[in-house]
Amino acid sequence: MKSFYLYIKELFEGICNLILGLKISMMNFLRPKVTEQYPENRKTAQHFDRFRARLVMPHNEKNEHKCIACGICEMNCPNGTIQVLSSMVEDPETGRKKKVLDKYIYDLGTCTFCNMCVTSCPHKAIAWSQDFEQAVFDRDRLYCQLNAEGSHVESKTIPTPKTEGKQNTSTVNGQES
Ligand code: SF4
Ligand code: SF4
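These notes cover the structure that comes with them. (Residues numbered from 1 in each chain as written. Chains lettered and ligands numbered in written order. Predicted model: local features only at pLDDT ≥ 70, side-chain atom pairs only at ≥ 80, totals over all residues.)

Side note on the site of ligand 1
Here comes step 1: All residues in the neighbourhood of ligand 1 are listed as C67, I68, A69, C70, G71, I72, C73, V84, C121, H123, A125 and I126.
Here comes step 2: Taken together, the residues that form the shell around ligand 1 break down as ten nonpolar, two polar and no charged. (Near = placed C-beta within 6 Å. Nonpolar A, V, L, I, M, F, W, Y, C, P; charged D, E, K, R; others polar.)

Right, dumping it as structure tokens:
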């Protein structure tokens, strides 16, 4: 008789557990879907603003960027991921020599996305893109030149030369620094 009660008790517990499991399954079945179908969602995929896919140098419609080739980002990069190649050219208006950016080289393969370069840039010349599909078969393709061919620095970004008895001032994004 005792074994019969035990059998009934276990049967009841089994049915309860089965109902509980079905309840959880049904709740998940009816819950709004959060799984995204990739690659079908390529065009509609959204990322958080802080998502860092790769470093880019934004250019305006006149093919101008904001990089003055100061090299601060290169110095702050812990991995040697950035190379700022520059040269000195004479300004035809002032006759003074100034540094201009030749090539801004970025190696995506060694970047740890620490953001040190972006936060240390005094001119906000570099930023993060959100194009997350960066897989390549050839490692060499991870080396990129961020400044576009034929591009040059925005004229308002060029530092004003020091004048006697007056503090050096430059206008960046409409603000004096
Ligand atoms: S990206 Fe910014 S920090 Fe780097 S060289 Fe250009 S201006 Fe300087
Ligand atoms: S995110 Fe970090 S590792 Fe990558 S280039 Fe910038 S400073 Fe270097």
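Remarks on the nonpolar core
Here comes step 1: Counting 17 residues, the largest nonpolar core has M57, C67, I82, L101, Y104, C117 and I126 as its most contacted members.
Here comes step 2: Breaking this core down by element, the ones donating at least two residues are β3 (82-90) and β4 (97-107).
Here comes step 3: Ranked by residue count, the leading element in this core is β4, at three residues.
Here comes step 4: Apart from the residues within four sequence positions on either side, I82 is in contact with C73, E74, C77, I105, Y106 and C117. (Core = buried A, V, L, I, M, F, W, Y, C linked by C-beta atoms within 7 Å. Buried ≥ 20, exposed ≤ 12 C-beta atoms within 10 Å, placed from the backbone. Helix = DSSP H or I, 4+ residues; strand = E, 2+ residues; numbered from the N terminus. Contact = placed C-beta atoms within 7 Å.)

Some details on unusual backbone geometry
Here comes step 1: For the bond running from Y38 to P39, omega is 10°, close enough to zero to count as cis.
Here comes step 2: Relative to the elements of secondary structure, P39 occurs in the loop between α1 (2-30) and β1 (54-56).
Here comes step 3: Despite not being glycine, A69 shows a phi value in the positive range, around 60°.
Here comes step 4: Within the element layout of this structure, A69 appears in the loop between β2 (64-65) and α2 (72-76).
Here comes step 5: Despite not being glycine, K124 shows a phi value in the positive range, around 50°.
Here comes step 6: One can find K124 in the loop between α3 (116-120) and β5 (127-129).
Here comes step 7: Under the C-beta neighbour-count criterion, K124 is labelled partly exposed, with 14 such atoms within 10 Å.

Topic: the pairing of β3
Here comes step 1: The sheet contact formed by β3 and β4 spans nine bridges and is antiparallel. Bridge assignment links I82 to a residue of β4, and that residue is Y106.
Here comes step 2: Joining the antiparallel neighbours β3 and β4 is a turn of six residues, in which G95 adopts a positive phi near 75°. (Pairing = 2+ DSSP bridges.)

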